[in-house]
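Here is what each chain is made of, one letter per residue.
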Amino acid sequence: MQMPEPDRAALGQRSELVARFREFLPSDSVVVDEAALRAFECDGLTAYRQPPMIAVLPETTAEVSRMLKLCKAAGVKVVPRGAGTSLSGGALPLADGVLLGLAKLNRVLEIDYPNRAAVVQPGVTNLAISQAVEGEGFYYAPDPSSQIACSIGGNVAENSGGVHCLKYGLTTNNILGLEVVLMDGEVIRLGGRHLDQPGYDLIGVLTGSEGLLGVVTEVTVRILRRPEVARGLLVGFDSVEAGGACVADIIGAGIIPAGMEMMDRPAIHAAEAFCHPGYPLDAEALLIIELDGPAVEVDHLTEIVRGLCEKRGAVSLRVSASETERLNFWAGRKAAFPAVGRISPDYYCMDGTIPRARLPHVLARMAEMSGKYGLRVANVFHAGDGNLHPLILYDANEPGELERAEDFGADILRLCVEVGGVLTGEHGVGVEKRDLMGTMFTEVDLNQQQRLKCAFDPDGLLNPGKVFPTLHRCAELGRMHIHGGRMPFPDLPRF
Amino acid sequence: MRDDMKPLNEEHLRECVAEAVAGGAPLEVAGQGTKRGFGRPAAADRRLELSALSGIRLYEPEELVMSAGAGTPLDEIEAALAAKRQMLAFEPPHLGRIYGHAQAGGTIGGVFACNLAGPRRFRAGAARDHLLGFRGVSGRAEIFKSGGRVVKNVTGYDLSKLVCGSFGTLAALSEVTFKVLPAPEKTWTVLVFGLGATEAAAAMAEAAGAPHEVTGLCHLPAAIAMESTVDYVAGAGTSVTAIRVEGPGPSVEHRAGALKAMFAGRGGVEELHGHRSGEFWTEIRDVQPLLGRDRALWRVSLPATDGGAWLDRAMAETGGDGYLDWAGGLVWLAVAPGDDAHAAAVRQGLNGGHATLMRAPDGVRRRVPVFEPEATPVAALSRRIKEGFDPKGVLNPGRMVEGV
């Protein structure tokens, strides 16, 4: 993985920039000390590390704007960062860039229950939004596994999902408005407490843009009334195929559960050993199905789902009888990553999405690859929406294992694309999958995406080196080649 | 002489656009043309008709996904989904009739290009929330794609969002792939009679904030309710506030009962079942209560709790008629067209929201910004985006903003 060559001119402006930042920021908000900069050297993708040239921690939109304006004038790159929980290196700093930390913008500004909206700053954690409204019986639906730590600004940048997004949508489906600072310091406001902004859907493209288009300084989210009841079903199958077919049966019956997760045998065993949720150790596949809604509806659907599972030959089936039991079902799934961490010195988490029906094929091919690379793999899977998280187990102390794990991971992602899926379901492209973009997109596709970037950030100063395998200058992307003025298909009917 | 083009496949579509670029001859991009009256009149002499890029190409009900040529009639899509007891959850309006077309649904490409959504919008999202991917031809005469066929996808920029609501100004779509959902087993509607508009907006906020998972909330003043073809509504003799619940049978019965109890003390309460309920929401979706009024039509999006008071004021100031959908967050308003369709009065007090002139004579639509004007830096950004996709301005120029 290569990052753009550090720019000497930018490095030469370091002390000048620090002085200018200190004109409007307290000294502890401008980090220059080498040891302190280490705190920012990576995000959740710890294989890549790079301390930034400077880190800046503003507290207001005006400070963000002023800081970006200075960087733009100096031609210095900026990497925005929320809580730093990205798993794809989206917030990996640049040696010649300023790291813009948004953690100090951490206030819930307003809660509007009648309009079911909350206005928050980007540094507020995902879970804190739900906590702020739970007293009135509301919550914020998208729930990435890192929700205790990840920030809503980062969720917008990565378009984060979670187990509930099958029924309730991703971040992009739950954002009503944004305040964004562009690279030139201009502050724009989009959307609000009404639905559908006029003009081009800028909220739509900013969400999931991985910090390449603008810096989010305020978010208006949709909050929902918490369902009356949530109930879990824990269902074991003697094959992954049977589990997958059962998922299709449930959706085919017109039921959209609040969540539907599957784990394979290695993941079941690791989770059971880690936190003892009572998972069936004789099962090859475990489905956790959550149904939510009015009690009478959940009762009704539980019986239908139970029937479908039995018809597919479930080897074990438990229905949660209490909230404690439901949470216990989830405990193992939510702890799957640390659980796997205990059975292997290191693991590498992949994040591809596939059409669900291709799951047996993909798992079989992954088992073959596991043999080829000599590395074990455990699988947790958002079964409802096809988002796979294969965990490749390796030992970084064994020479060559990290590289083999990375090659294995890339092969898995290529396989996802080959069966009609995508490179990343929720973790983002970042630096991690950047060089694989060509397996999914043509050069024309990628150039068109980069032209969108040019509209927001013509100098390419915002988070460069992420998402796109090749950096283009906007001027060269502007060129246009037209092949003659010949009348195409002259024999086709016109009217 | 007009030299309209009707490409038969994607490559041919690309060549049609290439020819327009080379000849400097802009194109009006259209499906069946049912929504030609929506937006500003495009400044183009030639029409690029996509209706031949038609047909469902992939439908996997268990995967909740469908792909179709952009020119596929919405009716065909909806019939195929209904056969498997599924639906487009965003409930696209069949708007053709407000523009005088008998074929009201138009094409699936048109639905996404206009990013329209019906009464379920406030709960289920707009068209843009359901488009997973697309293929199309940019104004650079290049075939490109974005997105995919799976729900969870964060690979690259979400250009699917951008083409939704771009009115064909960024790309001529050739194929769209979208999410579908199971159709509800049962649909009931609770009617509450006699609420004023402000009172109704508060009642709707209360219903939307309750745990009863309502999927439709609208309010018709007495004069509009009379226009309904549903007898319970037309015969009410007063205003009607409607609350829809959908889902499995026992759940719908339980929730409708709870809602009736919630509003029992606040006016007469009735229930609509089965086809009557379906017919009522189709009317609301397609703006039928205002159809007979041969006037300019506005569609106003604003914070839901503001809707009632805003409607009362706008009706008083413009002499128009209207009703509330989306729990009060959407107002449909019919006014005399005049020179400017009362644009200044309509664009007042939106509290961050926006007003779209949905129907008016061409002259009025040239004079009045059809879409809410954007703040200067946002407008500049939109212009740069357009240039990135269509530098020569050959795709629907002027359809959204004069001169762009």
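What counts and how
- Every chain is numbered on its own, with residues counted from 1 as its sequence reads.
- In the order they appear in the text, chains get letters beginning with A and ligands get numbers beginning with 1.
- Selection of residues for local features in this predicted model requires a pLDDT of at least 70, selection of side-chain atom pairs for listing and counting requires 80 or more, and totals for whole chains, interfaces and linings are taken over all residues.
- Side-chain calculation: all heavy atoms of the structure are included, whereas hydrogens and water are not.
- UniProt positions are given in the numbering used here, feature names are shortened, and annotations may be inferred rather than shown by experiment.
- By definition, disulfides here are pairs of cysteine sulfur atoms that lie within 2.5 Å.
- By definition, any uninterrupted DSSP run of H or I lasting at least four residues is a helix, any uninterrupted run of E lasting at least two residues is a strand, and each is numbered from the N terminus.
- Remark: exposure states derive from per-residue accessible area (1.4 Å probe, protein chains only) relative to the maximum for the residue type, with buried under 20%, exposed over 50%, and partly exposed in between.
- Start and end points for every domain follow an automatic or database-based domain assignment.
- Note on definitions: a residue-residue contact is assigned when non-hydrogen atoms from the two residues lie within 4.5 Å.
- The term buried area refers to how much accessible surface (probe radius 1.4 Å) is lost by two components on association, counted for both of them together.
- Here, a salt bridge means any Lys or Arg side-chain nitrogen found within 4 Å of an Asp or Glu carboxyl oxygen.
- Residue polarity is assigned by list, with Asp, Glu, Lys and Arg as charged and Ala, Val, Leu, Ile, Met, Phe, Trp, Tyr, Cys and Pro as nonpolar; anything else, Gly included, falls into the polar class.
- In protein, a polar contact requires one atom able to donate a hydrogen and another able to accept it; more generally it is a pair of N or O atoms within 3.5 Å, and residues adjacent in sequence count only if both atoms are side-chain atoms.
- A pair of strands counts as paired when DSSP detects no fewer than two bridges linking them.
- Lines fitted to C-alpha atoms define the axes here, with helix axes fitted over just the stretch in contact, and angles between the N-to-C directions of these axes take values from 0 to 180 degrees.
- Throughout, the term roughly parallel applies to angles under 35 degrees, roughly antiparallel to angles over 145, roughly perpendicular to angles from 65 to 115, and oblique to all others.

- Looking at an unreviewed UniProt entry, one finds chain B named Glycolate oxidase subunit GlcE, with Minwuia thermotolerans as its source organism.

- As annotated in an unreviewed UniProt entry, chain A carries the name FAD-binding oxidoreductase and comes from Minwuia thermotolerans.
- Under the UniProt heading Cofactor (unreviewed entry), the entry covering chain A gives this text: "FAD".

Quick word on the state of the cysteines
All names here are of chain A.
Then step 1. By the definition in use, this model includes 1 disulfide over all chains.
Then step 2. In this model, C454 is linked to C474 through a disulfide, with the two sulfur atoms separated by 2.0 Å. What sets the handedness of the C454 and C474 disulfide is the S-S torsion sign, and at about -90° it is left-handed. Residue C454 is located in helix α17 (residues 443-456), and its partner C474 is located in helix α18 (residues 474-477); the two are separated by 20 residues in the primary sequence.
Then step 3. Assessed through its relative accessible area of 21%, C474 is described here as partly exposed.
Then step 4. Left unpaired, C416 is separated from the closest cysteine sulfur, that of C349, by 12 Å.
Then step 5. Taking the relative accessible area as the measure of exposure, C416 reaches 0% and is therefore buried.

Remarks on the domain arrangement of chain B
Residue and element names in this part refer to chain B.
Then step 1. We note that the domain assignment places domain 1 (1-183 + 373-404) and domain 2 (184-365) within chain B.
Then step 2. The interface of domain 1 with domain 2 comprises 27 residues on the first partner and 28 residues on the second.
Then step 3. When domain 1 packs against domain 2, the two sides together hide about 2,300 Å² of surface, and 58% of this comes from carbon and sulfur.
Then step 4. One salt bridge connects R244 with E91, and the closest N-O pair in it is separated by 2.9 Å.
Then step 5. For the side of domain 1 that touches domain 2, the element with the highest residue contribution is helix α4 (residues 121-124), accounting for 3 residues.
Then step 6. Split by residue class, the side of domain 1 that touches domain 2 holds 15 nonpolar, 4 polar and 8 charged.

Focus: the interface of chain B and chain A
Then step 1. In this complex, chain B contributes 90 residues to the contact, which on the side of chain A involves 100 residues.
Then step 2. At the boundary of chain B with chain A, total buried surface from both sides reaches about 7,900 Å², with 60% on carbon and sulfur atoms.
Then step 3. For the chain B face of the interface with chain A, the top three residues by lost area are B:K152, B:V154 and B:Y157, together amounting to 13%.
Then step 4. The tally of links from chain B across to chain A stands at 7 salt bridges.
Then step 5. With a closest N to O distance of 3.9 Å, A:D385 and B:K152 form a salt bridge.
Then step 6. Taken together, chain B and chain A are joined by 29 residue pairs in polar contact (both at pLDDT 80 or more).
Then step 7. Mapped onto the side of chain B that touches chain A, the elements with two or more residues apiece are α1 (10-23), α4, β7 (143-147), α5 (159-163), β9 (181-182), α6 (197-209), α9 (249-263) and α14 (376-389) of chain B.

Brief notes about the sheet that holds strand β4 (residues 97-101) of chain A
Residues and elements named next belong to chain A.
Then step 1. Read across the sheet, 4 strands follow the order β1-β2-β4-β3 without closing on themselves; strand pairing throughout is mixed. Of all the strands in the sheet, the pair left with one neighbour each is β1 (30-31) and β3 (77-81).
Then step 2. With 3 bridges connecting them, strand β2 (residues 54-56) and β4 associate as parallel partners. Note on β4: the bridge partner recorded for V56 is L100.
Then step 3. Contacting β1, β2 and β4, helix α2 (residues 14-22) runs over the sheet at an angle of about 15° to β2.

Side note on the packing of helix α10 (residues 265-275) of chain A against helix α13 (residues 336-343) of chain A
Helices that pack against each other are described as a pair by the angle of their axes relative to one another and the distance between those axes.
All names here are of chain A.
Then step 1. Viewed as axis vectors pointing N to C, α10 and α13 meet at an angle of 90°, and their least axial separation amounts to 8 Å. As judged from the angle between their axes, α10 and α13 are roughly perpendicular. Each of A270, A271, A273 and F274 in α10 lies in contact with α13, whose residues at this interface are P338, A339, V340, R342 and I343.
Then step 2. Of the residues in the contact of α10 with α13, the class split is 8 nonpolar, no polar and 1 charged.

A few points about the sheet that holds strand β3 (residues 56-60) of chain B
Then step 1. Here 5 strands make up an open sheet; going across it, the order is β3-β4-β8-β6-β7 (chain B) and the pairing antiparallel. Each having just a single partner strand, β3 and β7 of chain B make up the two edges of the open sheet. Direction aside, neighbouring strands of the sheet carry axes that sit 15° apart on average.
Then step 2. Pairing between strand β6 (residues 131-138) of chain B and β7(B): 5 bridges, direction antiparallel. By the bridge assignment, B:G133 is partnered in β7(B) with B:G147.
Then step 3. Where α17(A) meets the sheet, it contacts β6 and β7 of chain B, and its direction lies at approximately 70° from that of β7(B).

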